[in-house]
Amino acid sequence: MRRNQVVALGVLVLVIALALFWKLRGKAGGDAAGELAGSAAHGGTAGGATHAKGARAPAAPASLSGKVTRKADGSGVDGAVVSLARSELDTMFGTTEAPTLTATTNAQGTWTATNVPPGRYTIAATARGLLPASLDKLVVAEGESKTGIDLALDTGGIRVSGTVTDVGGGSVSGARISVSKASSSPLAKTELIAMAGPDGKYEITLADGDYEASVSHEDYTHASRNFSVAGQPLTVDFVLSPGGSIRGVVVTREGRPLAGALVLAEGKRGHGDSNIRADDKGEFALHSLGSGLISIKAAGRGYASQQATVVELGIGEQVDGVRVIVDRAYSISGTVVDSGSKKGIPGVRLGAFSIGTGQVAVAPDPSDADGTFEIVGVRPGSYMMFAIGETTMPEIGKSVEVVDKDITDLVIEMGVGVTVSGRVEPGTIAAISVEPTQIGIGNIFEALKAMLVLGESDPTGAFVLHHVPPGSFKLRAKVTDGRTGTTPLLVATADMTGVVVKLETRGSITGRVVDTNNAPVARVHVSASAKLDKDKGNFQLDMGGNGNNKGSLTAADGTFRIVGLEDGVHELEVSDDQGEIPCAKCKSPKDPVEVTLAVAEAKTGVVLTVEARDGVIKGTVVDKEKKPVADVWLTATVEREGDDKFTDYDEMMADSRGHPPTLTGDDGRFTFTNLRKGDYTLTAETAKGTARAKLTHVKLGSSVTLALAPLGTLTGKVTLNGEPATSFLMSCDPPGGDARQFTSAAGTYELERIPPGHVKCSAYGDAGRGSGELEVPAGPATLDVKLAPWATITGTVVSVLTGQPLAGLKMIASGDHDDSTIAETLTGKGPTSDAAGRFTISKVAAGKGTLTVMPKDAGFVELARREYDVAPGQRLDLGTIKVVPPRTGDAGTLGLAFTLDGEVLTVSSVKPGGPAATGGVQVGDKLVAINGVPVATLTAKLAQTLVASGSVTIDQQYKLAFDRAGTPLEVVLVGVRW
């Protein structure tokens, strides 16, 4: 596994984990992560379980009222928009059907909201020219009539405005724009609401900071964007596509309706994700759906969809009479208890997710008063449990294997954590975060507990953080003007008070982005990363934007300002929705622009010149009879250097980053403008997703024709040693969808709607793995796959410095695709070296691969790497592997970086004021030995890792020997905080 594979694995792990918390919020906050198999209402027609609670009677609604005034004089604010956003765990799981409610004040500033479901809310008010105000965690009881909910708005803020239009350019009147702080806790986001007028225009006043915005309208699909407010008025426009709707019913295989089932719809193009609960007749209605192929699954107690029902939905079309079939499934039930008292904890949300299949099952209701819970509609597979409560730390990672029966009496222990309070000096409003000092493959979920602890100091600088887990952390405070402060935080079991974080002025870079025509380049991202990070030989995650990589969006005139930068050399890169924009005045187009900052220096006048985005591609889409086709969706995606094939996954990612598609006209013609330099892949798909075409390596200025072809069907048989594999996972690329589980006595499978073209498929079973590839025509095709038995790899790891065995290191084989093994690795139970340094990795795919040795909890650092070639079913011993011992303390740096040329390590950069600079090390010095061990003995790669930033330990001494143009040089350097 190469370094970029290690990085990708680390990012993937974090994305999976974060997605479960930040994105699993249904309509309220984004797309569901994976396959939400089990979040359904109780009261299904079959499959009762031990902890079933039965259907609940509808709660009596409440009414709220209050007044919005100007803080300056107390006068009422006319036309202010008051939002009532649910601020409880239900909103994260999409199980509440109550959207954010709104009310508008009258001339006296008073407002009233009726039909408010009981629950916890965050109340906010916005008005033009005034800063928003909010009230957190307002508890609304059933049938209550609550008055006196008043908010006072202060003057100031920055105007953010824009226009909401449809794809045809017409205004969307009545669209609702919802804005929230990007740094807000997922447990309680304050939604600031603005409404588009008859001309589609809206306006909202915000304080400086980072925000995420979404816009919705019942007749259109949703759209979202992130933006930053930094002292100047900002324009943020939205373009909506007409939304479709699907009505239907959820039924069992026998035809009985499944009452209260949760129905999940997922669209390939995005904008097609929605979830809703069916009524007591199993009937449902999904709205605001994007066009294309919409996959619908459902789940309830005792049942879950084995495969999706696919609906071909046109632009703005309504489809009725859809039947979603569910098959028998299982439940996971038990009790969630306090880890100390062992008493049950009420109100906890629980679920389970499978990394191998992407399935996610969620308990439809929070835990009862005694802590009992039930997760319903769980398909067979290997799962990891997660639990989130308002009064506890999250708990993630308990492994559960669902085979052929319900899982009962499962106990989930949760800790409360500690409360940390203190102040920011000088007193000001700052974002507060807790950052683990060590993150590794075996403690990613423990680290996530800390990363979910977010807060904000008040104007005096005071802050309080709840449910902080034990461990070694860095407490960070960050102000929008770039001032930043950190302090070590060692958390045990007692609450902590009086923690002080002192803010320090950081450096900044201000400049402008222009193209080769000297025209300003607006709305592109300029990033600044410390140069040493590029050569450090390992990977460190950036916590919430507070790490070493910072950036800014350019304004309409191309200007940008990046704040909060450390001193040293920074590399500036410009990117858009398609990725990095090549530099026009660098030695190589892929080279970054380097800017050196002194401590707290404010660098200005930096001009970044990039290649112009003025390319055009035109064309026509025709059917198999060469007739033009209207309303075909097209995407143009720039091809990355070295890509021989461009997959549907690449196209999906490009579209998800905001690359705008286009539609053909009545004459089948299309035009892409404002394209950057490069070759493009064009993909055309009918509105309903029933036919497709693709062209690769399309040059700028081309006029092309894309001929649509119907989608194909792929069938085949999976065997092992000539016998049918009765249970296996099958995934294909393209179409790049999630792996599908097949259970068949004959070992057969069928995949529908496969785009014509080259397809590679892989099958995974308990006994082995196999793959095959073919050209899929516009019609049926057959691909049989033979599984090769899993192999086993063993070996011994020892220190490259002492030769002593190293225990507790994690082993990852690039050929290991078994989802249960991955789950074990992520929870610290995967292949690990023992006291004698020995390790065993089972279920390794046959063929060539790479073994990567990593520390358990000291970052995604590659301690060693060993190539292997293993035969099917073979037990291969790799012998003794020399590795870099993982650091035992906090991450440090020696303030230098190296370039590796063969077996020669040459100093490429020295950080001013760092240990290397103080010790007299210079660029060009060649490293000869570390602590008396020659580089030739260590190998240059391991030597580079030993002294890389992040591998170095704070306060540890390193004796380095150099060769400076034939003259020997020996220095002793001590690691400092990285």
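Residues numbered from 1 in each chain as written. Predicted model: local features only at pLDDT ≥ 70, side-chain atom pairs only at ≥ 80, totals over all residues. Heavy atoms only, no water.

## Notes on the overall build of the protein
Helix and strand counts for the protein come out as 9 helices and 80 strands. Residue burial in the protein is summarised as follows: out of 978 residues, 53% are buried. Once local pairs closer than 6 in sequence are excluded, the contacts in the protein between residues at least 24 apart make up 66%. Carbon and sulfur atoms make up 50% of the accessible area of the protein, which amounts to about 40,200 Å² in all. (Helix = DSSP H or I, 4+ residues; strand = E, 2+ residues; numbered from the N terminus. Buried < 20%, exposed > 50% of the residue type's maximum accessible area, 1.4 Å probe, protein only. Contact = heavy atoms within 4.5 Å. Areas by Shrake-Rupley, 256 points an atom, 1.4 Å probe, with all protein chains shown as cover.)

## Description of the sheet that holds strand β12 (residues 192-195)
Strand order in the open sheet formed by 4 strands is β12-β11-β14-β15, and the pairing between neighbours is antiparallel. Because the sheet does not close on itself, it has two edges, and the strands there are β12 and β15 (220-229). Within the sheet, the average angular offset between the axes of one strand and its neighbour, ignoring direction, is 20 degrees. Inspection of the sheet shows strand β11 (residues 176-181) paired to β12 by 4 bridges, in the antiparallel sense. Note that in β12 the partner of S178 across the bridge is I193. (Pairing = 2+ DSSP bridges. Axes fitted to C-alpha atoms, helices over the stretch in contact; angles between N-to-C directions.)

## Here's the deal with the sheet that holds strand β71 (residues 864-870)
With antiparallel pairing, 3 strands are arranged side by side in an open sheet as β67-β69-β71. Only two strands of the sheet have a single neighbouring strand rather than two, namely β67 (810-813) and β71. Geometrically, the sheet is characterised by an average inter-axis angle of 25 degrees between neighbouring strands, direction not taken into account.

## Some remarks on the state of the cysteines
On inspection of all chains with the given rule, the structure shows 2 disulfides. Between the sulfur atoms of C583 and its disulfide mate C586 the distance is 2.1 Å. One disulfide, between C583 and C586, carries an S-S torsion of 75 degrees and so falls in the right-handed class. Each disulfide pairs two cysteine sulfurs, and for C732 the partner residue is C761, the sulfurs being separated by 2.0 Å. Across the S-S bond linking C732 and C761, the dihedral sits near 105 degrees, which makes this disulfide right-handed. (Disulfide = S-S within 2.5 Å.)

## Some words on the environment of K146
Mapped onto the fold, K146 is located in strand β8 (residues 145-146). With 82 residues separating them in the primary sequence, K146 and L64 have C-alpha atoms 4.9 Å apart. Once residues within four sequence positions are removed from consideration, K146 is found in contact with S63, L64, S65, L138 and V139.

## Details of the pairing of strand β76 (residues 926-930)
Relative to strand β78 (residues 957-964), β76 runs antiparallel, the two being bridged by 4 bridges. Each residue of the ladder has a partner; that of I930, found in β78, is L960. Pairing of β76 with strand β77 (residues 933-934) involves 2 bridges; the strand directions are antiparallel. Bridge pairing in β77 places A929 opposite P934. Between the end of β76 and the start of β77, which pair antiparallel, lie 2 residues, with N931 showing a positive phi angle near 50 degrees.

## As for the pairing of strand β59 (residues 727-733)
Counting buried residues along β59, 5 of its 7 residues qualify, which places the element largely inside the surrounding structure. Relative to strand β62 (residues 757-765), β59 is paired through 6 bridges, and the arrangement is antiparallel. Residue pairing in the sheet places F728 in a bridge with G765 of β62.

## Some details on the pattern of salt bridges
Under the criterion given, the structure shown has 26 salt bridges. Residue R506 is joined to E504 by a salt bridge in which the shortest nitrogen-to-oxygen separation is 2.9 Å. Residue R506 is classed as buried on the basis of its relative accessible area of 14%. Note that R753 and E752 form a salt bridge whose closest N and O atoms lie 3.4 Å from each other. Residue R753 is classed as partly exposed on the basis of its relative accessible area of 26%. Through salt bridges with shared partners, a single network forms among E312, E752 and R753. (Salt bridge = Lys/Arg side-chain N within 4 Å of Asp/Glu carboxyl O.)

## Comments concerning the environment of E413
By the element assignment, E413 lies in strand β32 (residues 407-414). Note: C-alpha distance between E413 and S339 (74 residues apart in sequence) is 4.9 Å. Here E413 is in contact with V337, S339, K342 and E395, once residues within four sequence places are set aside. Side chain to side chain, E413 and K342 meet in a polar contact 2.8 Å long. (Polar contact = N/O pair within 3.5 Å; in protein donor to acceptor, adjacent residues only side chain to side chain.)

## Brief notes about empty space enclosed by the protein
In this approach, a probe sized like a water molecule rolls over the atoms, and the result shows the empty space that is left. What the rule picks out here adds up to 4 cavities of 30 Å³ or more. A volume near 80 Å³ is recorded for the largest cavity. Considering the residues around the largest cavity, the lining is formed by 13 residues, among which L572, E573, V574, C583 and V593 are closest to the centre. Those elements that place two or more of their residues in the lining of the largest cavity are β45 (568-576) and β48 (602-610). (1 Å grid on protein atoms, 1.4 Å probe; cavity = no way out; pocket = protein on both sides within 12 Å on 5 of 7 lines; lining within 4 Å. Points joined across faces, edges and corners; volume = space filled by probe spheres on them.)

## Details of the nonpolar core
Within the largest apolar cluster, 45 residues are counted, with the highest numbers of intra-cluster contacts made by V797, Y868, V883, L960 and F962. Residues within four places of V883 in sequence aside, it is in contact with V797, V798, S799, V800, L806, L809, V853, L863 and A864. (Core = buried A, V, L, I, M, F, W, Y, C linked by side-chain atoms within 4.5 Å.)

## A short note on the confidence of the model for the protein
On average, the protein scores 82 in pLDDT, and the residues at 70 or more come to 84%. Across residues 533-548, where pLDDT falls below 50, the model places 47 contacts with residues more than four positions away in sequence or in other chains. This stretch, residues 642-659, has a pLDDT under 50; its non-local contacts, to residues over four places away or in other chains, come to 35 contacts. (pLDDT = per-residue confidence, 0-100.)

## Side note on helix α3 (residues 444-451)
Summarising burial for α3: 7 of the 8 residues are buried, a large majority. Buried within α3 we find I444, F445, A447, L448, K449, A450 and M451.

## So, unusual backbone geometry
A cis geometry characterises the amide bond from E425 onward to P426, with omega recorded as -5 degrees. By the element assignment, P426 lies in the loop between β33 (418-425) and β34 (431-436). One non-glycine residue, H697, lies in the positive phi region at around 55 degrees. Backbone geometry places A965, a non-glycine residue, at a positive phi of 50 degrees. Counting through the fold element by element, A965 comes out in the loop between β78 and β79 (967-974). A residue is classified by how much of its surface remains accessible, and A965, at 82% relative accessible area, is exposed.

## Comments concerning the packing of aromatic side chains
A complete count under the given rule lists 6 aromatic pairs for this structure. Both rings, one in Y202 and one in F238, keep their centres 6.4 Å apart while their planes meet at 45 degrees; by these two values the pair is tilted. One end of the pair, Y202, is in strand β13 (residues 201-206); the other, F238, is in strand β17 (residues 238-240), and 36 residues separate them in sequence. Neither Y202 nor F238 differs from the other in exposure class; each is buried. Above the plane of the ring of Y303 lies R328, whose end atom (NZ or CZ) is 4.8 Å from the centre. (Phe/Tyr/Trp six-rings, centres within 6.5 Å; stacked < 30°, edge-to-face > 60°. Lys NZ or Arg CZ within 6 Å of the ring centre and 35° of its normal.)

## Some thoughts on the environment of D320
Of note, D320 is situated in strand β25 (residues 318-328). For the pair D320 and I246, spaced 74 residues apart in sequence, the C-alpha to C-alpha distance is 5.9 Å.

## A closer look at the side chain of S178
When you line up the elements, S178 lands in strand β11. Here the side chain of S178 touches E191 through a polar contact of 2.4 Å, side chain to side chain.

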